[in-house]
Number of protein chains: 2
Amino acid sequence: MTQVNDKQTKKIDVQQGIYDENDRLAAQTRAELDQRHVFAINIMGAPGAGKTSVLRRLIAALNDVPVAVIEGDIESDIDTRTLQAEGVNAVQINTGGACHLDAPMIRTRLKDAQLSDHSILFIENIGNLVCPAEFQIGEHIKLLIADATAGSDKPYKYPLAFEKADVIVLNKYDLIPYLDFDSTFFYKGIHALNMKAPVFELSGKTGEGCAPLAAWLRIQRSSHK
Amino acid sequence: MTQVNDKQTKKIDVQQGIYDENDRLAAQTRAELDQRHVFAINIMGAPGAGKTSVLRRLIAALNDVPVAVIEGDIESDIDTRTLQAEGVNAVQINTGGACHLDAPMIRTRLKDAQLSDHSILFIENIGNLVCPAEFQIGEHIKLLIADATAGSDKPYKYPLAFEKADVIVLNKYDLIPYLDFDSTFFYKGIHALNMKAPVFELSGKTGEGCAPLAAWLRIQRSSHK
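Presented here is a report on the structure given in the accompanying data block. Chains are numbered independently. Their residues run from 1 in the order of the written sequence. As a convention, the first chain written is A and the first ligand written is 1, with the rest following in written order. In keeping with the model being predicted, local features are shown solely for residues with a pLDDT of at least 70 and side-chain atom pairs are shown and tallied solely at 80 or more, while totals for entire chains, interfaces and linings include all residues. Hydrogens and waters are ignored; side-chain quantities use all the structure's heavy atoms.

1. Here's the deal with the environment of Gly-45 of chain B
Phase 1 of the analysis: One can find Gly-45 of chain B in strand S1 (residues 39-45).
Phase 2 of the analysis: Throughout, a contact is declared for two residues whenever any of their heavy atoms are within 4.5 Å. Once you skip the residues sitting within four places of it in the chain, Gly-45 of chain B turns out to touch Lys-51, Ile-126, Gly-127, Asn-128, Leu-129, Leu-144 and Ile-145 of chain B. Strands are runs of DSSP state E lasting at least 2 residues, helices are runs of H or I lasting at least 4, and numbering of each runs from the N terminus.

2. Some remarks on the sheet that holds strand S5 (residues 141-147) of chain B
Backbone hydrogen bonds hold the strands of a sheet together, and the pairing may be parallel or antiparallel.
All names here are of chain B.
Phase 1 of the analysis: We call two strands paired when DSSP finds no fewer than two bridges between them. A sheet is described by the order of its strands in space; here seven strands give the open sequence S3-S2-S4-S1-S5-S6-S7, paired in parallel fashion. Two strands close off the open sheet at either side, each with one partner strand: strand S3 (89-94) and strand S7 (199-201). Looking at each pair of strands side by side, their axes are set apart by 20 degrees on average, direction ignored.
Phase 2 of the analysis: The sheet contact formed by strand S2 (residues 67-73) and strand S4 (residues 120-124) spans five bridges and is parallel. Paired with Val-69 across the bridge in S4 is Phe-122.
Phase 3 of the analysis: Axis lines are fitted through C-alpha atoms, for helices just across the contact stretch, and the angle between N-to-C directions can take any value from 0 to 180 degrees. Here helix H2 (residues 51-61) sits on the sheet in contact with S1, S2, S4, S5 and strand S6 (167-171), set at roughly 170 degrees to S4.

3. What to know about the sheet that holds strand S6 (residues 167-171) of chain A
All names here are of chain A.
Phase 1 of the analysis: Spatial ordering of the open sheet is given by S3-S2-S4-S1-S5-S6-S7, a layout of seven strands whose pairing is parallel. Whereas interior strands pair on both sides, the edge strands pair on one side only; in this sheet they are strand S3 (89-94) and strand S7 (199-201). Strand-to-strand twist in this sheet, taken as the mean axis angle between neighbours without regard to direction, amounts to 20 degrees.
Phase 2 of the analysis: With five bridges connecting them, strand S1 (residues 39-45) and strand S5 (residues 141-147) associate as parallel partners.

4. Observations concerning the relation of the copies chain B and chain A
Phase 1 of the analysis: Each copy is superposed on the other by least squares, with the fit set by C-alpha atoms of residues at a pLDDT of at least 70 in both. You can overlay chain B on chain A at an RMSD of 0.0 Å; the transform is a turn of 180 degrees with a shift of 0.0 Å along its axis. Such a combination of rotation and displacement between the chain copies is what one expects of a two-fold axis. Of the C-alpha atoms belonging to chain B, the one lying closest to the rotation axis is found on Asn-128 of chain B, 3.1 Å away.
Phase 2 of the analysis: Residue by residue, 100% of the interface of chain B is reproduced at the interface of chain A, so both copies engage with the same surface.

5. Structural notes on the nonpolar core
Phase 1 of the analysis: We define a nonpolar core as any set of buried Ala, Val, Leu, Ile, Met, Phe, Trp, Tyr and Cys residues linked to one another through side-chain atoms lying within 4.5 Å. Burial here depends on accessible area, computed with a 1.4 Å probe over protein chains only, as a share of the maximum for the residue type. Under 20% is buried, over 50% is exposed, and the range in between is partly exposed. Membership of the largest hydrophobic core comes to 82 residues, with the highest contact counts inside it found for Ile-70 and Leu-121 of chain A together with Ile-70 and Leu-121 of chain B.
Phase 2 of the analysis: Those residues in contact with Leu-121 of chain B, other than ones at most four positions away along the chain, are Leu-33, Val-38, Phe-39, Ala-40, Ile-41, Ala-68, Val-69, Ile-70, Leu-110 and Leu-115 of chain B.

6. Some points on the state of the cysteines
Residues and elements named next belong to chain B.
Phase 1 of the analysis: Two cysteine sulfur atoms form a disulfide, by the criterion used here, when they sit within 2.5 Å. One pass over the structure, following the stated rule, counts zero disulfides over all chains.
Phase 2 of the analysis: Just so you know, Cys-131 is unpaired, no disulfide at all, and the nearest cysteine sulfur is the one on Cys-99, 3.3 Å from it.
Phase 3 of the analysis: The class of Cys-131 is buried, set by a relative accessible area of 5%.

7. What about the packing of aromatic side chains?
All names here are of chain A.
Phase 1 of the analysis: Two aromatic rings from Phe, Tyr or Trp, using only the six-membered ring of Trp, form a pair when their centres are within 6.5 Å; if the ring planes differ by under 30 degrees the pair is stacked, by over 60 it is edge-to-face, and anything between is tilted. With the rule as written, the count across this model stands at 13 aromatic pairs over all chains.
Phase 2 of the analysis: Judged by centre distance (6.3 Å) and plane angle (85 degrees), the ring pair of Phe-162 and Phe-186 falls under edge-to-face. With a gap of 24 residues between them, Phe-162 in helix H6 (residues 159-164) and Phe-186 in helix H7 (residues 183-193) connect regions that are remote in the sequence. With respect to burial, Phe-162 and Phe-186 carry one shared label: buried.
Phase 3 of the analysis: Taken together through their ring pairs, the aromatic side chains of Phe-162, Phe-181, Phe-186 and Tyr-187 make up a single cluster.

8. Concerning the pattern of salt bridges
Phase 1 of the analysis: Each salt bridge in this description consists of a side-chain nitrogen of Lys or Arg and a carboxyl oxygen of Asp or Glu lying within 4 Å of one another. All chains considered together, the criterion is met by 28 salt bridges over all chains.
Phase 2 of the analysis: Its salt-bridge partner being Arg-218 of chain A, residue Asp-64 of chain A comes within 2.9 Å of it at the nearest N-O pair. A residue pair is termed long-range when its members are at least 10 positions apart, and Asp-64 of chain A in the loop between helix H2 (51-61) and strand S2 (67-73) and Arg-218 of chain A in helix H8 (residues 210-224) qualify at 154 residues.
Phase 3 of the analysis: Residue classification places Asp-64 of chain A among the exposed positions, given a relative accessible area of 54%.
Phase 4 of the analysis: Among the charged side chains, a salt-bridge network with shared partners connects Asp-79 of chain A together with Asp-153, Lys-154 and Lys-157 of chain B.

Here you go:
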């Protein structure tokens, strides 16, 4: 903000303090989860990328593993109610306007999540390709869900989310025949930012391609213990 | 942020100051545009909703009206280069991380946009359904682009963007046959928030349905003068 420099400087000072405090609380959460051998996955993605659809497929594929879900939304509890109706242990965080989850929000809600030892905790972040990537929330890995219908240029336009991801999903793969999706351009963009995250092409709607991602998550969870 | 109350209070104070300063600068911009009979449209939408595709269709349909574009992106200038290659007068703002455009950014870049009197200024905001809705940037109307592939629950999950919109586009309408899109649920969600904004169903990809939106914008522009 070029014309409000005084306020901007104050804002940056305050924000740095909030980042530091946030990271400290995220580390506390991670340590507590480690003690209980809980593996936490921060699911990030744009609005409508299919975070909940993919999550439901993963929970079905991991049916021998105890699972808990914390659902983040600005308002509404549509996804939490869907999951609960399917017998999933899910709790809601409504941020009431805030564009991302943060470590304090998770700490406040963690006791309500009724975690079992050796479980997987999925935390579905606010639908937003920008802000969630800046905040640790106590997760062990970040799972980024991109979707084919959003176009192949997303790694170039929202680099931080792709850079920070430990694993990337290209969702809505069933719609590829009806789109002008440039796979080469998409993967080139990812590889310029992130050489370590595997990319899984799948469809949360049909379930196709979800099993390999579930298998990969099992391995990450085992190797983390 | 429940456990960082002191910092949170400071953050809110500083943010209110930034909102006020932002609104003051937005009003200045709007007054300057009014003097020159320039009609400014703030285009908002999630990443990959198809903001640029719809914009290109509108520019083609409004081919007798002088047009300028300010393209907002966190990084990259992909869309600006696409528009410039088509002969469109377009300039880029890169926010370098910030999740929305604000009034100071627009004021800084406005002189580079080479506005003609009686033109339309399209400002494409950062792909984000949350933060852009909170900031005026000097626009006369807000055009919200939702897309069918993102699902019919978006008005419930991102209410502020739908509430503040003066006109709403349901893009990617060509893909409806391949989706489980619940139109009744979508419109019910919009009408609970916003009874005044018309909704245009169209496809930025095929161009179908874009002419009625262009005609509506012409009327808004004329009645504004």
